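Remarks on the overall topology
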Amino acid sequence: MSDIININLFELVSNIKDKKISSNEVTSAYIERSKKSKHLNSYNEETFDLALKKSKEFDSKPDFNKKLPGVPIAVKDLFCTKNVKTTASSKILNNFVPTYESTVTQNLWNEGAILLGKLNCDEFAMGSSNETSFFGNVISPIDKDLVPGGSSGGSASALAAKLTPTTIGTDTGGSIRQPASFTGTVGLKPTYGSCSRYGIVAFASSLDQAGPLTRNVKDSALMLEVMSSFDNKDSTSVDFIRPQYSKDLSKEIKGKKIGIPKEYRVDGMSEEIEKLWNDGKNYLKNCGAEIVDISLPHTKFALPSYYIVAPAEASSNLARYDGVKYGFRTKGDNLVDMYEKTRSEGFGDEVKRRIMIGTYVLSSGYYDAYYLKAQKVRRLIKNDFNDAFKKVDAILTPSTPSSAFKIGDKSNDPVSMYLNDIFTVPVNLAGLPGISIPAGLDKKGYPLGLQIIGKAFDEQNILNIAYSMEDKINFKLDIKDWWMK
Amino acid sequence: MDEVSKDDSYLIERNGNKYEIVIGLEVHAQVLSESKLFSTSPTKFGAEPNTQVSLVDAAFPGMLPVINEFCIKQAIKTGIGLNSKINNKSIFDRKNYFYADLPQGYQISQYKDPIVGEGSVVLDLTSGSKIIGIERLHLEQDAGKSIHDIDPVNTLVDLNRSGVALMEIVSKPDLRSPEEVNAYIKKLRSIMRYLGTCDGNMQEGSLRADVNVSVRKHGDDKYGTRCEIKNVNSIKFMQMAIEYEANRQVDILEDGGKIDQETRLFDTKKNETRSMRSKEDAHDYRYFPDPDLLPLEFDNNYIEQIKKQIPELPDQKKARFIEKFNLSSYEANILVSDLDTSKYFEEVIKNSDVKLSSNWITGELFALLNEKNLEISESPISAINLSKLINLIKDGTISGKIAKTVFELMSDGDKNPIDVVKDKGLKQQSDPKELEKLIEKVINENQDKVKEYKSGKEKLFGFFVGQVMKVSSGKANPKLVNEILKNKLK
């Protein structure tokens with residue numbers, strides 16, 4: 001049944017529940033395809049044998065009340081998975097096998113899902129092209145030498161190449177939405193505090209948030225429903241009544257006010273992106289929504305403050321990788337020598353760059369000018385959104401300033417790489433939910449995404465807007481299986 | 001009560017110049033709590049290495065700290081005990097540095113916004129009372145322990161202590177002598193033991209201090225440059241370190257030199273402080289608010305609820321003892337400084353004379369405990385039996401002297417003094433007829449002395465009393481013996 005891989009998650013679940021298809025058949029189909037797709041380098045670790053075993057166990061004793069009954073899922077290698085190697089795509093963790101499970105992945109398994117493997121990503125989620133991984137760059141199934149975006153590049157590539165029916169990633173400054181935009185998939189970053197951070201290798205604690213990458217909006221709603229939970233093991237987890245996102249999904253958005261922030265019309269933005277954004281407005285109008293011009297005046301300060309706050313937190317979060325307790329170690333003449341060798345050899349260039357930036361901005365004498373100021377800017381950015389949401393129900397922006405770029409194009413120019421996150425970063429700084437949906441193709445035939453930003457904990461609303469737009473956009477992307485062997 | 005004053009009782013003299021010592025303490029007190037500050041691991045002392053370590057304590061990837069509310073309450077209680085301002089909002093910060101026994105690569109502490117602000121404690125010194133200002137109290141994690149002397153090549157790490165809650169109590173630079181430091185530490189310990197917030201056990205490291213020392217010419221208003229002596233774990237060592245350090249600084253100043261601000265270590269074997277690092281080499285800890293933890297906030301009602309659980313504290317108890325039992329300030333101090341002693345005392349005086357009870361506890365009982373190296377909670381004589389003994393003295397059944405013998409016998413298995421007196425026949429001889437017989441016997445046997453007495457050598461009266469006591473094996477009622485003897489010798 002080669003068609004299995006073409007069935008979207010929501011229907012796949014129905015088919016399994018209706019016993020039209022078994023978990024083992026689904027799992028086998030994805031494994032078979034994944035095995036032929038090594039060229040994409042999207043997996044860090046494959047757990048195929050275990051997955052087959054679990055699928056048989058499921059079929060022998062199926063529980064169809066589960067939300068993801070026997071569904072195989074590959075996940076980003078930033079989620080700690082019990083007894084399965086978890087590396088964050090870093091040499092410094094390349095032998096690390098957790099004895100514990102992250103809350104988000106546990107939620108998946110609790111609803112019947114089965115782990116297919118761990119997906120490549122940028123090292124410690126630091127990157128926008130999946131080129132910083134210790135295990136090599138990931139290739140987009142869309143074109144031979146195209147990046148899938150990052151940091152959840154393995155997730156986006158595997159999803160777009162149909163190596164997994166759905167996947168999960170993490171988003172600190174755009175790491176779900178940008179790769180989703182680059183690969184023609186749907187990427188949702190939930191409100192900060194919606195999904196537990198327990199068991200996720202930390203990059204920047206005040207910004208990190210897990211979320212789904214899916215083929216369509218309905219699947220996204222279903223995945224969020226499973227992933228999101230209040231967790232007392234994470235002090236920043238928020239206890240709110242979590243809706244049944246997929247059940248409550250609706251295309252009725254008549255009368256909704258959608259804001260268009262003028263500050264997102266950045267210098268040098270291509271006509272293609274301009275057109276995409278305009279098309280988006282028209283789709284929304286056609287759905288009965290009202291377009292409102294708004295201002296988010298501090299937008300231009302978002303990227304610089306993000307690149308202070310995120311590295312600052314990272315420099316501290318990554319201090320635990322010191323060769324003492326677990327992970328990679330290089331012997332040294334003494335403790336300091338061991339630290340220096342271990343960390344010099346264990347971390348890649350981009351990670352080191354951010355540790356150095358972070359260490360610098362927190363140093364005494366610089367703290368006020370950088371970190372403290374960035375936190376103040378962050379507050380202003382939050383206030384911008386709060387003011388805007390007094391007038392509108394959601395905000396529409398492009399997901400990225402351009403389509404996917406070629407491998408190697410930006411890897412020697414960190415600033416140009418960082419600029420890729422210009423539309424996604426403010427959302428993390430404000431802790432808001434944002435969803436990227438595929439909305440068109442550029443001249444080269446590469447996907448472009450639109451982002452819908454919502455109020456805190458208003459995921460249902462942005463999912464509904466995305467759902468109705470998705471219908472009008474009717475995005476089609478024909479991916480040839482050129483990489484298959 | 002005196003204000004903080006220039007106490008000139010302790011000064012260092014050199015070449016005719018008098019120097020005053022200025023001392024401030026940063027006391028690290030381990031919070032009495034079953035589990036750690038941000039994890040559920042137990043905190044028991046003396047467990048096998050690395051057996052009380054959770055994934056959070058060992059800083060595994062993706063692990064997150066969760067505040068232990070009990071530790072917060074303990075810190076608030078302590079703050080109340082130190083008459084301090086409790087801050088409704090405080091922030092946990094990360095103090096970043098690398099060390100093998102610091103798994104996270106940072107210590108979670110409180111930097112700019114501590115849970116407890118300014119307050120004070122009262123010291124009871126021989127010269128009177130003195131108020132010592134408290135600058136702040138904040139919560140922080142303890143580190144693990146690096147062990148350098150087990151393996152010849154490697155340093156071993158024990159993470160049992162990693163993440164244990166500490167309260168850092170910072171004093172103002174109000175202390176002026178080693179004696180005041182002694183009184184201050186004891187007062188803090190007493191308050192925290194009353195509150196049940198720290199066991200104050202210095203041997204187990206539950207209480208240790210960084211000591212800031214500077215000197216200045218007596219009468220100067222400006223503080224001198226200070227040196228910080230790190231991690232001193234006994235009062236004796238603190239005093240020794242201060243004496244050494246103050247004299248070292250005075251020597252430098254007298255030689256026309258300048259004090260360098262630096263961190264020093266106290267070498268207990270050589271009795272000297274040594275430079276550890278200068279101000280220039282000081283760590284840059286890159287403090288910033290821990291993004292894994294929200295600001296700690298509670299309302300006044302929360303504090304009020306905790307206030308209701310605060311027991312009577314040493315100062316209040318002392319005032320009550322003086323007021324209600326007419327004890328001297330000195331006696332009251334001794335009795336209240338330790339909670340168990342005060343409890344013991346209150347138990348004894350339920351049925352017995354206050355003054356006698358106080359004397360017996362601070363005299364005989366303390367001597368006995370000292371000799372056997374026991375805490376009062378482990379006293380071989382229970383409060384109820386001591387109370388009975390005191391009543392036997394009070395009602396004249398035994399003399400004070402016999403009581404000491406009875407006390408000694410009681411200490412072997414907490415015997416009832418009434419039984420002891422009965423079994424050993426130690427009851428006081430108070431029958432005048434019987435006493436008369438004894439006295440007559442003594443007079444008859446010492447006719448020469450009687451002659452001397454009657455001829456004016458009245459000092460011999462004591463000799464007769466002693467002889468009577470001797471023949472009665474100490475049981476004769478001394479008061480009656482005196483009366484009868486006086487009559488017989490007329």
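Residues numbered from 1 in each chain as written. Chains lettered and ligands numbered in written order. Predicted model: local features only at pLDDT ≥ 70, side-chain atom pairs only at ≥ 80, totals over all residues.

Quick look at the overall build of chain A
From N to C terminus, chain A includes 15 helices and 11 strands. Computed over C-alpha atoms, the radius of gyration of chain A comes to 21 Å, within 12% of the 23 Å expected from 2.2 N^0.38 for 485 residues, which places it in the range of a compact globule. Judged by the C-alpha coordinates and their principal axes, chain A covers about 65 × 55 × 45 Å. Among the 485 residues that make up chain A, the fraction classed as buried is 61%. (Helix = DSSP H or I, 4+ residues; strand = E, 2+ residues; numbered from the N terminus. Rg over C-alpha atoms; globule rule 2.2 N^0.38 Å. Buried ≥ 20, exposed ≤ 12 C-beta atoms within 10 Å, placed from the backbone.)

Quick word on the overall build of chain B
Of the regular secondary structure elements, chain B holds 15 helices and 16 strands. Over its C-alpha trace chain B gives a radius of gyration of 30 Å, far above what one expects of a compact globule, namely 23 Å for 490 residues. Overall, chain B is about 95 × 55 × 55 Å in size when its C-alpha atoms are taken along their principal axes. Across the 490 residues in chain B, those meeting the buried criterion constitute 41%.

Thoughts on the sheet that holds strand E2 (residues 72–76) of chain A
Residues and elements named next belong to chain A. The strand order across the open sheet formed by 11 strands is E1-E3-E2-E4-E6-E5-E10-E11-E9-E7-E8, and the pairing between neighbours is mixed. Lying at the two open borders of the sheet, with one neighbouring strand each, are strand E1 (43–46) and strand E8 (290–294). Averaged over all neighbouring strand pairs, the angle between strand axes comes to 30°, with direction disregarded. Here 5 bridges tie strand E7 (residues 257–261) to E8, and the two strands are oriented parallel to one another. (Pairing = 2+ DSSP bridges. Axes fitted to C-alpha atoms, helices over the stretch in contact; angles between N-to-C directions.)

Some thoughts on the interface of chain B and chain A
Across the contact, 24 residues belong to chain B and 33 residues belong to chain A. Of the residues in the side of chain B that touches chain A, the class split is 16 nonpolar, 4 polar and 4 charged. (Contact = placed C-beta atoms within 7 Å. Nonpolar A, V, L, I, M, F, W, Y, C, P; charged D, E, K, R; others polar.)

Focus: the sheet that holds strand E15 (residues 288–289) of chain B
Residues and elements named next belong to chain B. Pairing within the open sheet is antiparallel, and its 3 strands lie in the order E5-E4-E15. Of all the strands in the sheet, just strand E5 (106–109) and E15 have a single pairing partner and so form its edges. Summarising the sheet, strand E4 (residues 93–96) and E15 pair through 2 bridges and their orientation is antiparallel. Bridge pairing in E15 links arginine 94 to phenylalanine 288.

A short note on the domain arrangement of chain B
Often the size quoted for an interface is simply the accessible area lost on bringing the parts together. Residue and element names in this part refer to chain B. When the domains of chain B are assigned, the result is domain 1 (11–307), domain 2 (314–423) and domain 3 (432–488). Every contact between the two is made by 7 residues of domain 1 and, on the other side, 6 residues of domain 2. Elements supplying a minimum of two residues to the side of domain 1 that touches domain 2: strand E6 (119–125) and helix H2 (178–195). Along the lines of polarity and charge, the residues of the side of domain 1 that touches domain 2 split into 3 nonpolar, 1 polar and 3 charged. (Domains from an automatic or database assignment.)

Concerning unusual backbone geometry
Following Gly150(A), the chain continues to Ser151(A) via a peptide bond in cis, the omega torsion being 10°. As for its placement among the helices and strands, Ser151(A) is situated in the loop between strand E3 (114–119) and helix H5 (153–160).

Re the pairing of E3(A)
All names here are of chain A. Taken across its 6 residues, E3 has 6 buried, putting it largely inside the fold. Relative to E3, E1 is paired through 3 bridges, and the arrangement is antiparallel. By the bridge assignment, glutamate 45 is partnered in E3 with lysine 118. Here E2 runs beside E3; their pairing, made up of 5 bridges, is parallel. In the strand pairing of E3, isoleucine 73 is matched with leucine 115. As for the winding sense of the linkage, the β-α-β connection from E2 through helix H4 (residues 103–110) to E3 is right-handed. (Right-handed = clockwise from strand over helix to strand, strands pointing away.)

Re the environment of Ser363(A)
Residue and element names in this part refer to chain A. Following the sequence through the fold, serine 363 ends up in the loop between helix H11 (349–362) and helix H12 (368–388). Judged by the 14 C-beta atoms lying within 10 Å of it, serine 363 falls in the partly exposed class. Note: C-alpha distance between serine 363 and alanine 312 (51 residues apart in sequence) is 9.8 Å.

Notes on the pairing of strand E5 (residues 186–189) of chain A
Residues and elements named next belong to chain A. Covered by surrounding structure in E5 are Val186 and Leu188 together with Gly187 and Lys189, the residues of both alternating faces. For E5 and strand E6 (residues 210–214), the ladder comprises 2 bridges, and the chain directions are antiparallel. By the bridge assignment for E6, valine 186 is matched with threonine 214.

A short note on the packing of helix H14 (residues 461–471) of chain B against helix H15 (residues 478–488) of chain B
All names here are of chain B. Packing of H14 against H15 brings their axes to within 10 Å, and their N-to-C directions diverge by 130°. It follows from the interaxial angle that H14 and H15 lie oblique. Here the hand of the crossing between H14 and H15 comes out right-handed. Counted together, Phe464, Val465 and Val468 of H14 and Pro478, Val481, Asn482 and Leu485 of H15 form the full contact between these two elements. Along the lines of polarity and charge, the residues of the contact of H14 with H15 split into 6 nonpolar, 1 polar and no charged. (Parallel < 35°, antiparallel > 145°, perpendicular 65-115°, else oblique. Left-handed = near helix turned anticlockwise from the far one by under 90°.)

Looking at H14(B)
Residue and element names in this part refer to chain B. Here H14 has its buried residues at Phe464, Gln467, Val468 and Met469. As for H14, its buried residues are in contact with helix H12 (432–445) and H15. Serine 473 sits one or two positions beyond H14 and adopts a positive phi of about 55°.

A few points about the confidence of the model for chain B
Close inspection of predicted coordinates is inappropriate for parts of the model with low pLDDT. All names here are of chain B. Counting all residues, the mean pLDDT for chain B is 93, and 98% of those residues have values of 70 or more. Per-residue pLDDT stays below 50 along residues 1–6; that stretch engages in 10 contacts with residues further than four places along the chain or on separate chains. Interface predicted TM-score (ipTM) for the complex: 0.97; the corresponding pTM is 0.91. (pLDDT = per-residue confidence, 0-100.)

Points about the environment of Lys38(A)
Residues and elements named next belong to chain A. By secondary structure assignment, the location of lysine 38 is in the loop between helix H2 (23–35) and E1. What makes lysine 38 partly exposed here is the crowd of 13 C-beta atoms within 10 Å. Residues lysine 38 and valine 138, 100 residues apart in the sequence, show an inter-C-alpha distance of 10.0 Å.

Points about the nonpolar core
All names here are of chain A. Ile73, Ile452, Leu463 and Ala466 are the most contacted members of the largest nonpolar core, which has 142 residues in total. When residues of this core are assigned to their parent elements, the largest contribution, 9 residues, is made by helix H9 (residues 302–317). When sequence neighbours within four positions are dropped, the list of residues in contact with alanine 466 reads Val217, Ile435, Ile437 and Ile452. (Core = buried A, V, L, I, M, F, W, Y, C linked by C-beta atoms within 7 Å.)

Overview of the packing of helix H7 (residues 339–348) of chain B against helix H8 (residues 354–372) of chain B
Two numbers describe a pair of packed helices, the interaxial angle and the distance between the axes. Residue and element names in this part refer to chain B. Following both chains from N to C, one finds H7 and H8 inclined at 140°, their axes separated by 10 Å at the closest point. One way to sum up the angle between H7 and H8 is to call them oblique. Helix-helix and strand crossings are classified by hand; for H7 and H8 the assignment is right-handed. In this structure, H7 contributes Tyr344, Phe345 and Val348 to the contact, and H8 contributes Ser357, Ser358 and Ile361. Tallied by class, residues from the contact of H7 with H8 come to 4 nonpolar, 2 polar and no charged.

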